[in-house]
Amino acid sequence: MSIKDNILYFDEQLRQSPCRLVAVSKTHPVEVIKEAYDAGHRLFGENKVQELVEKYALLPHDIAWHLIGHLQTNKVKYIAEFIDTIESVDSLKLLVEINKRAEMYGRTLPINCMLQISIADEETKYGMSCEEADALLQSVEYRSMEYVRITGVMGIATNTPHEGKLRQEFRQLRSCFMYLKEKFFVGNDDFREISMGMTSDWKIAVEEGSTMIRVGSGIFGARDYSKK
Ligand SMILES: *Cc1c(COP(=O)(O)O)cnc(C)c1O
């Protein structure tokens with residue numbers, strides 16, 4: 001299947017669903033991304049700041065870019081001008097910096113931010129507990145921010161073929177979303193995204209209420225890190 005076919009396949013699969021597709025283009029060159037773009041796709045995800053900045057410069061500017069990888073505070077300045085959504089916000093300190101840089105660039109639209117919640121077994125994976133996300137949203141600092149908009153939560157499940165385990169982790173993320181929604185965002189439609197599901201588990205994630213799946217190899221093929 002070509003990249004275009006893959007995009008059309010996901011369009012078809014998600015047609016009846018509120019879920020959207022983030023095409024994860026990390027490690028793939030701009031020519032390849034252009035194929036997905038030409039098939040009509042406009043929502044792409046990258047996990048590294050430098051790679052994202054390079055690709056942003058070379059591709060049409062009606063693409064909505066999502067940063068999905070860990071973001072260091074000192075790199076926020078490189079993406080603040082153009083980024084649509086930062087899915088990997090994992091601390092108040094980072095959010096403070098994002099707000100500051102968005103203000104400095106005089107953005108007309110706030111930067112959409114999602115709180116990354118750790119749901120997997122692996123301790124190495126970034127993300128906050130739901131309690132930490134709760135504390136962030138209660139903080140005085142967050143409450144005074146004008147240049148960020150919290151649009152939901154994001155999570156990366158354990159890399160496992162066990163469906164029961166995946167469902168349990170996706171449910172954990174969804175309950176965290178519901179808890180935060182009830183507590184901080186009643187009647188506020190900004191907070192509506194649950195970003196979960198990748199190539200191997202997106203169908204299960206959609207069944208468990210995902211509103212945003214992040215698919216890389218399922219669209220662009222396997223990644224060859226040795227070329228980098
Ligand atoms: C790479 C990546 C994906 C996509 O992974 P695939 O298995 O290729 O679909 C999704 N989310 C995050 C955070 C990633 O880093």
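Treat the numbers as computed from the prediction; the structure is a model and nothing was measured.

> Just to check I follow, could you spell out the overall build of the protein for this structure?
Secondary structure summary: the protein contains 10 helices and eight strands in total. C-alpha extents for the protein along the principal axes are approximately 50 × 45 × 35 Å. By residue count, 50% of the 228 residues in the protein fall in the buried class. Of the contacts formed within the protein by residues at least 6 apart in sequence, a portion of 60% connects residues at least 24 apart. Split by element, the accessible area of the protein, about 11500 Å² in all, is 49% carbon and sulfur. Averaging the positions of the 29 positive and the 34 negative side-chain charges in the protein gives two centres separated by 2 Å.

> Got a minute to help me understand the packing of helix α6 (residues 130-138) against helix α8 (residues 163-184) in this structure?
Helix-helix packing: each pair is described by the crossing angle between the helix axes and the interaxial distance. At their nearest, the axes of α6 and α8 sit 10 Å apart, and the two run at 20° to each other. If you check the angle between α6 and α8, you find them roughly parallel. Considering only the axes of α6 and α8, their crossing is right-handed. Of the residues in α8, those touching α6 at Cys130, Ala133, Asp134, Leu137 and Gln138 are Cys176, Tyr179, Leu180, Lys183 and Phe184. Partitioned by chemical class, the residues of the contact of α6 with α8 number seven nonpolar, one polar and two charged.

> Explain the nonpolar core to me, please; I cannot follow it from the model alone.
Where a protein is soluble and globular, its nonpolar side chains tend to be buried together. In this structure, Trp65, Ile79, Leu95, Ile98, Leu115, Ile150 and Ile219 are the most contacted members of the largest nonpolar core, which totals 65 residues. Of the residues forming this core, the biggest block, six residues, is contributed by α8. In this structure, isoleucine 219 is in contact with Ile3, Asn6, Ile7, Phe10, Leu21 and Ala23, ignoring residues within four places of it in sequence. Counting residues in each nonpolar core, the second largest holds five residues, with Leu43, Met114, Met154 and Met212 among its members.

> Looking at this structure, how should I read the UniProt feature "modified residue: N6-(pyridoxal phosphate)lysine" (unreviewed entry) in the protein?
Within the UniProt annotation, "modified residue: N6-(pyridoxal phosphate)lysine" (unreviewed entry) is assigned to Lys26. Looking at lysine 26, the relative accessible area reads 16%, which means it is buried. Not counting chain neighbours up to four residues away, the residues in contact with lysine 26 comprise Gly45, Glu46, Asn47, Glu51, Lys55, Arg223 and Tyr225.

> Can you help me understand the pattern of salt bridges in this one?
Where charged atoms from two side chains of opposite charge approach closely, those side chains can pair. Enumeration according to the criterion identifies 16 salt bridges in this entry. One salt bridge connects arginine 42 with aspartate 62, and the closest N-O pair in it is separated by 3.1 Å. Note that arginine 42 is positioned in the loop between α2 (30-38) and β2 (43-46) and aspartate 62 in the loop between α3 (49-58) and β3 (64-67), a separation of 20 residues in sequence. The salt bridge involving lysine 165 is made with glutamate 169; its shortest N-O contact spans 3.3 Å. Here the residue lysine 165 and the residue glutamate 169 both occupy positions in helix α8, the gap between them amounting to four residues, near one helical turn. Look at lysine 165 and you get partly exposed, because its relative accessible area is 25%. Relative accessible area serves as the criterion here: at 0%, glutamate 169 is assigned to the buried category. Residues joined in a network through salt bridges with shared partners are Glu163, Arg167, Arg171, Glu207 and Glu208.

About the thresholds
- Residues numbered from 1 in each chain as written.
- Predicted model: local features only at pLDDT ≥ 70, side-chain atom pairs only at ≥ 80, totals over all residues.
- Heavy atoms only, no water.
- Helix = DSSP H or I, 4+ residues; strand = E, 2+ residues; numbered from the N terminus.
- Buried < 20%, exposed > 50% of the residue type's maximum accessible area, 1.4 Å probe, protein only.
- Contact = heavy atoms within 4.5 Å.
- Areas by Shrake-Rupley, 256 points an atom, 1.4 Å probe, with all protein chains shown as cover.
- Lys, Arg positive; Asp, Glu negative; His and termini not counted.
- Charge placed at Lys NZ, Arg CZ, Asp CG, Glu CD.
- Axes fitted to C-alpha atoms, helices over the stretch in contact; angles between N-to-C directions.
- Parallel < 35°, antiparallel > 145°, perpendicular 65-115°, else oblique.
- Left-handed = near helix turned anticlockwise from the far one by under 90°.
- Nonpolar A, V, L, I, M, F, W, Y, C, P; charged D, E, K, R; others polar.
- Core = buried A, V, L, I, M, F, W, Y, C linked by side-chain atoms within 4.5 Å.
- UniProt positions renumbered as here; feature names shortened; annotations may be inferred.
- Salt bridge = Lys/Arg side-chain N within 4 Å of Asp/Glu carboxyl O.

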